[in-house]
Amino acid sequence: MLKYLLFIMFFSGMVLGYMLLHVPTTTPYDEMLTLVWQGMSLVLIGGIGSIVCLFKITR
C-alpha cells in the first residue's frame, strides 16, 4: 500500500512541476529562471521517484 501512495505522491509532484513550467511572458528574467529551475527539478525528482516506485510495484 505504501508503494502505491509513494507513486501517487511522486507522480503528482511531477505534474505540479510541469504546471510550474508555464511562465507568463511578462515575468522578469530572474524570476523566470527560478520558476523554471523549480519546475524542472520537481519534474526530474517526480519522474525518477515514479519509475522507482513502478519498478518496486511490478517486481
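See the structure shown above.
Reading the values: the criteria
- Residues numbered from 1 in each chain as written.
- Predicted model: local features only at pLDDT ≥ 70, side-chain atom pairs only at ≥ 80, totals over all residues.
- Heavy atoms only, no water.
- Axes fitted to C-alpha atoms, helices over the stretch in contact; angles between N-to-C directions.
- Helix = DSSP H or I, 4+ residues; strand = E, 2+ residues; numbered from the N terminus.
- Parallel < 35°, antiparallel > 145°, perpendicular 65-115°, else oblique.
- Left-handed = near helix turned anticlockwise from the far one by under 90°.
- Nonpolar A, V, L, I, M, F, W, Y, C, P; charged D, E, K, R; others polar.
- Polar contact = N/O pair within 3.5 Å; in protein donor to acceptor, adjacent residues only side chain to side chain.

A. Here's a closer look at the packing of helix α1 (residues 2-20) against helix α2 (residues 29-58). Packing of α1 against α2 brings their axes to within 7 Å, and their N-to-C directions diverge by 155°. With respect to α2, the element α1 is oriented roughly antiparallel. The hand of the α1/α2 crossing is left-handed. Of the residues that constitute the contact of α1 with α2, the class distribution is 16 nonpolar, seven polar and two charged.

B. Focus on the side chain of Thr27. One can find Thr27 in the loop between α1 and α2. There is a polar contact of 2.9 Å between the side chain of Thr27 and the backbone oxygen of Pro24.

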